[in-house]
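Descriptive structure summary
So you can see what is in the structure, the chains are spelled out below.
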Amino acid sequence: TQLLEQSPQFLSIQEGENLTVYCNSSSVFSSLQWYRQEPGEGPVLLVTVVTGGEVKKLKRLTFQFGDARKDSSLHITAAQPGDTGLYLCAGKPNTGNQFYFGTGTSLTVIP
Amino acid sequence: EAQVTQNPRYLITVTGKKLTVTCSQNMNHEYMSWYRQDPGLGLRQIYYSMNVEVTDKGDVPEGYKVSRKEKRNFPLILESPSPNQTSLYFCASRPWGLRETQYFGPGTRLLVL
């Protein structure tokens, strides 16, 4: 069983469209991170959120941490082909020192 | 340059032949981890270490060993590899703190025949 469930698993959209990726759990997280991974490389951190309800913006990307710190979303406005990649959420639950990753969302933006 | 290095990057081996994948970081990070990445399963933590001589099991530790004798190094040992350990392996490190970035190595692609 996965502690963090991501949806959708695959997403193929046209350039210029908006999209949202979801990361859900029944557990409370002390912090939650979003990563982007290119083929053949390790994940690269995009953002970390730690406060319930926190919203962070990174250019066209908007990240939100749920009020109860159990879920998060990533919204991309006006997607571009350069946004293509695997998006992963990851977090450390309130108890313990393990990190858990979601299953990932593979995004393809078609020019 | 701040980085996490892994060696080898690619490895083909046979069932039962012991192997070690090395991991080294030059950022003086306390926390180091090993993950494996499989299609449809995402990254799963194998082992992690919070500091020298402190290691703990992650989600999928069976068949793996680790050691943390120095702060910078965190090798992953497969004593008797089996085909179900064929995977893409990542080492990562981070300082301690909620907002701290976790830095990943370039990955080691392992095939066990």
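You'll find the structure just up there.
Residues numbered from 1 in each chain as written. Chains lettered and ligands numbered in written order. Predicted model: local features only at pLDDT ≥ 70, side-chain atom pairs only at ≥ 80, totals over all residues. Heavy atoms only, no water.

1. Observations concerning the state of the cysteines
Residues and elements named next belong to chain A. This structure, assessed with the given rule, holds two disulfides over all chains. The residue that forms a disulfide with C23 is C89, at a sulfur-sulfur distance of 2.0 Å. Handedness here is read from the sign of the S-S torsion; for C23 and C89, about 75°, the answer is right-handed. Here C23 is found in strand 3 (residues 19-24), whereas its partner C89 is found in strand 9 (residues 85-93), with 66 residues between them in sequence. Comparing C23 with C89 shows no difference in burial state: the two are buried. (Disulfide = S-S within 2.5 Å. Helix = DSSP H or I, 4+ residues; strand = E, 2+ residues; numbered from the N terminus. Buried < 20%, exposed > 50% of the residue type's maximum accessible area, 1.4 Å probe, protein only.)

2. Observations regarding the interface of chain A and chain B
Tallying the contact residues gives 28 residues for chain A and 25 residues for chain B. In total, about 2000 Å² of surface goes out of reach between chain A and chain B, with carbon and sulfur atoms giving 51% of it. The three residues of chain A that bury the most area against chain B are N97, F99 and F101 of chain A, which together make up 29% of that side's buried surface. Where chain A meets chain B, there are zero salt bridges. At the boundary of chain A and chain B, one finds five residue pairs in polar contact (both at pLDDT 80 or more). (Contact = heavy atoms within 4.5 Å. Buried area = accessible area lost by both parts, 1.4 Å probe. Salt bridge = Lys/Arg side-chain N within 4 Å of Asp/Glu carboxyl O. Polar contact = N/O pair within 3.5 Å; in protein donor to acceptor, adjacent residues only side chain to side chain.)

3. Overview of the pattern of salt bridges
Residue and element names in this part refer to chain B. Overall, the coordinates contain six salt bridges over all chains when judged by the stated rule. The partner of E30 in a salt bridge is K71, and the shortest N-O contact between them spans 3.9 Å. With E30 in the loop between strand 3 (19-25) and strand 4 (31-38) and K71 in the loop between strand 7 (65-66) and strand 8 (76-78), this residue pair connects regions lying 41 residues apart in the sequence. Taking relative accessible area as the criterion, E30 reaches 24% and is therefore assigned partly exposed. Here the residues in one salt-bridge network are R36, D38 and R44, joined through shared partners.

4. Structural notes on a nonpolar patch on the surface
A contiguous nonpolar patch, built from I12, V14, L111 and L113 of chain B and spanning about 380 Å² of accessible area, is present on the exposed surface. For L111 of chain B, a relative accessible area of 35% corresponds to the partly exposed category. (Patch = residues over 30% accessible without salt bridge, like charges linked within 9 Å, V, L, I, M, F, W, Y side chains within 5 Å. Areas by Shrake-Rupley, 256 points an atom, 1.4 Å probe, with all protein chains shown as cover.)

5. What about the environment of P111 of chain A?
Here P111 of chain A lies in the segment after strand 11 (105-110). On the basis of relative accessibility, which here comes to 73%, the residue P111 of chain A falls in the exposed class.

6. Brief notes about the environment of E30 of chain B
Residues and elements named next belong to chain B. Along the sequence, E30 and R72 sit 42 residues apart, while their C-alpha atoms lie 8.6 Å from each other. Look past the residues within four positions of E30 in its chain and what remains in contact with it is S49, M50, N51, R68, K71, R94, P95 and W96. Within the structure, E30 has its side chain in polar contact with the backbone nitrogen of W96 (distance 3.3 Å).

7. Points about the side chain of Q85 of chain B
Looking at the secondary structure, you find Q85 of chain B in the loop between strand 8 and strand 9 (87-94). Once residues lying within four places of it in the same chain are set aside, the contact partners of Q85 of chain B are R36, E62, G63, Y64, L78, S80, L110 and V112 of chain B.

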